[in-house]
Structure formats: structure tokens, C-alpha cells
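What follows is each chain in one-letter form.
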Amino acid sequence: MYKRQKKFSTWRKLWIALAESEKELGLDITDKQIAQMKEHIYDINYDVAKAREKEVRHDVMSHVYAYGVQCPDAKPIIHLGATSCYVGDNTDIIIMTEAMQLVKKKLVCLIGELAKFAKEYKDLPTLAFTHFQPAQPTTVGKRATLWLMDLVMDYEEIPLKDAHKRVLAEDIISFHDSPPFDKSAMDGFALKGVNTFGASQSNPKHLKIVDSIGAGDFCDKTIGENEAIVIATGSPVPEGADAVLMKEYTTTQGDELTIYSQVTPGENVSPKAEDISKGDVVLSKNTFIRYQEMGLIASAGYNTVKVFKKPKVKVIITGNELVEPTKEEISKAKIINSNQYTIGSMLKDCGVIFDICHVKDSFEEVKEAILESLEEYDVIMTTGGTAISKGDVVLDVVGDIGEILFHGVSIRPGKPIGAGIVNDKMIFTFSGQPVAAMSQFDIFARKYLFNMQGRDFNFHIVQRESLLKIPSQLGRTDFIRAFSDDDFARHVLNRGSGIIRSMVEANSYIIIDENDEGYQKGDIVDVVFFDSLIW
């Protein structure tokens, strides 16, 4: 008994240390919240029977923090990575926050110790908590699992010319100064700035031209008093010169230069290493490579670069009713397979490699398609077969060959969204309804695919004034299709989950939080533009 009490005491201390470590990371945890957590932990009795009686979920930190007490009923399954740990078929232990992507070694060690407790002392109650908003007490832990597994792809080294819109998997440390010398910023004459002082249209000055430097050339002459050298943009400024006078303010006759304006020392000269210095970290790992970064990487001396690999995604479209697009009359009970085009296009916007196939609503066909895809692909997505009607078999298959993380989330559209893990591969199960599938992709899958490639993703929320009243209900988060401009947002009135035109008429989502019952005309609403979601 004493040994068990001691072990349980250690278990308690580990949880408290974890909370205090999170505070050290700068997360929004107050001393009062930690005290509440300690009180609740110490209230848990190590006795299994009593722990089972306390099998409740207790909200301590409003809807941002939720944690509960459970007793493992199944053999624990350990998934331990740098950013998450969860144990058991019932999410028996979850220790994860969005900020844990920056977690330090100390935090990982604590997680590992707790995982060992869950494995060795199966009769101890376990605690689950997460940073996730909005948080549904029954699903909060499993939903958070999606964002916080150790997902990032391995890297590959590719030619720089192919690196546009990829994500750096290394720091870029410059091999050179850029520019590597003091260079002329324009066409004109290299000279001493002091020799131009007082020059004007009414008081021109005269200098002698002693040489000429073209692009890519170098002059080893040293400029003396009242001397000038013709210079092209980008050419090295010769020794003795400290400024460049634009050609437009001069006239020449033979080797005589007449100037009608003055320049100060340093004017029209780009100094050596003005842009970057040799040894500088000019770009950090996880930087998204735009055309601007392409130029900087090249200037640093790289012609190849390490980037995160693109995930390979397999999309399995399910449905007996689906047919290919045709101009001919469609048979009764059939419908055109539009999801393959919408989901495929959304995947392109996430920078991934993908393939799409279509299978019937057959348990064996769906199972075979998933199992075959697991060998070649990093993520699997399905559409259709996620409800509870006859023929909806996708979640049955996932549960049979792997683990269902969740099925059903309180959102609209897209409530029947599901997700699971089979052979350590994530499976997203989307609705067959086109609009629901698109919304589910934006809400759940897009962030996951960005994170796999080392790129952060969060909704860029802006505020607009609603032009119409928008009804909603408590306990559900709504993603309302809307057309928004710089000032206002008007939601699309005809917004059934199968009405594709409603997405065409929209350019944004209005997000209504689960704690709001809707908005009145004139209220300020949260808006996410579709264009802000693109890779």
C-alpha cells in the first residue's frame, strides 16, 4: 500500500511540474489556475474503485482548459513525440498544447515519465488536458491530437530553381558579402564627392575623365583630385572615389567632364555587405520561400537548398451514386463526382502531391483502398460514408484496421467529420456533401498539411460589419459562407451543405463561436477570407 501511495504521489507531482513548466514557457496559466489544478489532482484518490466513481470531466480553466479523469480499460498504446503524448484507445492520457510545438527538453521528459506511469500502472487514473478553443468536453483531447502529433516530413535537397513555394528545412548562412564590394547604384561618374561641392547649372565645375568601367569590369586605377571614371550600374566603385554623379547632370567633350550638380560622399553608392554579410543567418529554418527569398538564397551562395518534402496524399472518393462529369442525361439516383475536383484543387493550394481514386460503398473495397494507400502515402482522405445511414462504411473500416480519433464535431457545415490513425498515418474522413467537405478541409486538414511541411498555419481573422442578421445556436461553431469587402460582410442566404453555388458566391467565412447565439445586423463579426488560406 505504501509503495502505491508513493507512486501515486510521484504521479501527482509530475502533473503539477508539467503545469508549472508550461507557465515557464509563457503560456497563459495563472497561479490561481495551477492552484485549482493541484487541488483537483490531490482530490483524486489512488484507489481504483474510487477513481472509477470519479470518472467525470471537470472544467477548471473555462472553455480554454478542460481536463478529465479516466481509468484505462484497454491496453495502453503509446504515441510519444516532441509535441504530444497520448496513451490508450480511449485517449487515456493526453498531454498537449498548441504551444508545445516549442516545448523544451524538460517538458518532453515529464511527458515521458507520465507515459511510463500510464503503461506500468494501468489502474492509476489518468488526466487529460489541452489548450484548444473552442473546447467540447467530450472531444477536446482527441481533437487536439490532430494538431499536435509529431508530423513534420523529412527533408530533401533540391535545385534552387525548384524551391519556389517550398519550406526551408535548414538555416541559410551566407557564404558571401552582398554586395561583395562598394558598387555603383546607377550609371554615371565615380568621383570624390568633395570635388562636386558648389556645382550647379549656373556654376558648373570641370573634371577629367581618366577611365571607364562597364558591367562586370574592374578598374585598378585610383581616382585623384578633380578626376572621374565613367561607371555602369552595379560596377565596383574604384579606389579613391566615394560617390557617383548621375549622367543626367553632366556633359562631356572628349575627356573633359562638366558637372552641374553636387553629390555628398556615399551618395549613389551601395556599400559592401549592405544587404547581407558573410556568416549571417539570412533566413531561418521553416521560412516559406517566395520569389524574394529565392533571390536572397542565391545571393548567399546556394544553388541547392534543403526543404521539407511534400506530403503524398491519397484521396479516396466513395459512393455508389457517383459518375464522371458528362453533358449527357444522368441516370436516376446518380450524381456527378465533383468532390474529386474541389478537394484536388484544395490540395494543390496546400503544396502537396496527391492522387485520387473512386470506390464503391463496400466495406471490403474501402478497406482494400486504404490498406493499399498506406504503403505509398503519408495522409489519406476520404469523402462520403461518414454518416450513419446504410452504406456509410468508411468509419467502420477505420475502426476495424486502426483507431478512430473522433467522429462528429459540433460545427456547421460538416458535423460528420471524422479522423483516425492507421499504421501511424492520419486519415481524414470528409462528408460526401461538397460544401461540407470543403469546409471540413479548411477547418481540419489544411493546418495539418501545412504543419507537415514545416509551415505554421492559423486563420487570419479580420473584423467586418454584418449587413444582415445571422442566426446560430449555442454549443455549435458555424462557418458561414459570406461575401466580404473592406468594410462589410453579407452572408450567403442559400447555404445548404450540398449547394456548391453558395461557395462560388462567397469569398470568405463568417465564424460564429459556439458561445454565441448569432449576430444582429450591424454587429462586428469575425471573417476569414478564402484567399488567406492558400499555400
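Cut-off values and rules
- Residues numbered from 1 in each chain as written.
- Predicted model: local features only at pLDDT ≥ 70, side-chain atom pairs only at ≥ 80, totals over all residues.
- Heavy atoms only, no water.
- pLDDT = per-residue confidence, 0-100.
- Contact = heavy atoms within 4.5 Å.
- Patch = residues over 30% accessible without salt bridge, like charges linked within 9 Å, V, L, I, M, F, W, Y side chains within 5 Å.
- Areas by Shrake-Rupley, 256 points an atom, 1.4 Å probe, with all protein chains shown as cover.
- Salt bridge = Lys/Arg side-chain N within 4 Å of Asp/Glu carboxyl O.
- Lys, Arg positive; Asp, Glu negative; His and termini not counted.
- Charge placed at Lys NZ, Arg CZ, Asp CG, Glu CD.
- Buried < 20%, exposed > 50% of the residue type's maximum accessible area, 1.4 Å probe, protein only.
- Pairing = 2+ DSSP bridges.
- Helix = DSSP H or I, 4+ residues; strand = E, 2+ residues; numbered from the N terminus.
- Axes fitted to C-alpha atoms, helices over the stretch in contact; angles between N-to-C directions.
- Core = buried A, V, L, I, M, F, W, Y, C linked by side-chain atoms within 4.5 Å.
- Expected span 1.5 Å × (residues − 1).
- Arc of directions from axis to C-beta.

Draft legend 1. Up close: the confidence of the model for the protein. Overall, the prediction assigns the protein a mean pLDDT of 78, with 71% of residues at 70 or greater. When the criterion is pLDDT under 50, residues 1-5 qualifies, and its contacts beyond four places in sequence or with other chains add up to five contacts. Here residues 121-150 is modelled with pLDDT under 50, and outside its nearest four sequence neighbours on either side it reaches 130 contacts, counting other chains as well.

Draft legend 2. Main features of a negative patch on the surface. Together, Glu-364, Glu-365, Glu-368, Glu-372 and Glu-375 make up a region of like negative charge exposed at the surface. Classification of Glu-372 as exposed rests on a relative accessible area of 52%.

Draft legend 3. Spotlight on the sheet that holds strand 10 (residues 188-191). Across the sheet, six strands lie side by side as 13-10-12-11-15-14; this open sheet has mixed pairing. Since the sheet does not close on itself, it has two edges, and those belong to strand 13 (243-246) and strand 14 (250-253), each with one partner. For this sheet the average axis-to-axis angle between neighbouring strands, irrespective of direction, equals 40°. One ladder, built from four bridges, connects strand 10 with strand 13; its direction is antiparallel.

Draft legend 4. Molecular detail of the nonpolar core. Core analysis: the biggest nonpolar cluster contains 49 residues, and Leu-347, Met-381, Phe-428, Phe-441 and Leu-449 have the highest contact counts within it. Top element by residues in this core is helix 10 (residues 434-452). It accounts for eleven residues. Not counting chain neighbours up to four residues away, the residues in contact with Leu-449 comprise Pro-311, Val-313, Leu-347, Cys-350, Val-352, Val-379, Met-381 and Phe-441. In terms of nonpolar packing, the next biggest core, distinct from the first, is built from 16 residues, Ile-158, Ile-172, Met-294 and Tyr-302 among them.

Draft legend 5. Structural view of the environment of Met-426. Here Met-426 shows up in strand 27 (residues 425-430). Judged by its relative accessible area of 1%, Met-426 falls in the buried class.

Draft legend 6. Expanded view of unusual backbone geometry. Here the residue pair Ser-178 and Pro-179 is connected by a cis peptide bond, since its omega of -5° sits within 30 degrees of zero. Following the sequence through the fold, Pro-179 ends up in the loop between strand 8 (172-173) and strand 9 (183-184). Cis geometry is found at the peptide bond from Arg-412 to Pro-413, where omega equals -5°. Structurally, Pro-413 is set in the loop between strand 25 (411-412) and strand 26 (418-422). The phi angle at Lys-165 is positive, at roughly 65°, despite the residue not being glycine. Structurally, Lys-165 is set in the loop between strand 7 (155-159) and strand 8. Positive phi is not limited to glycine here, since Asn-268 has a value of about 65°. Note on placement: Asn-268 falls in the loop between strand 15 (256-259) and strand 16 (269-270).

Draft legend 7. Here's a closer look at helix 8 (residues 363-376). Along its 14 residues, helix 8 runs 21 Å from first to last C-alpha, staying within 8% of the 20 Å computed at 1.5 Å per residue. Among the residues of helix 8, Val-366, Ala-369, Ile-370, Ser-373 and Leu-374 are the ones counted as buried. Projected onto a plane normal to the axis of helix 8, the buried residues spread over an arc of 140° and lie on a single side. For helix 8, the exposed residues set more than 90 degrees away from the buried face come down to Glu-364, Glu-372 and Glu-375. Buried-residue contacts for helix 8 involve strand 19 (312-318), strand 22 (353-359), strand 23 (379-383), helix 9 (394-401), strand 26 and strand 27.

Draft legend 8. Examining the pairing of strand 23 more closely. Buried residues dominate strand 23, accounting for five of its five residues. Side chains Val-379, Met-381 and Thr-383 of strand 23 all project onto a buried face; the interleaved residues Ile-380 and Thr-382 project onto the opposite face, where all are buried too.

Draft legend 9. Examining the side chain of Ser-178 more closely. Note that Ser-178 resides in the loop between strand 8 and strand 9. Excluding residues that lie within four positions of it along the chain, Ser-178 makes contacts with Ala-273, Glu-274, Asp-275, Ile-276 and Ser-299.

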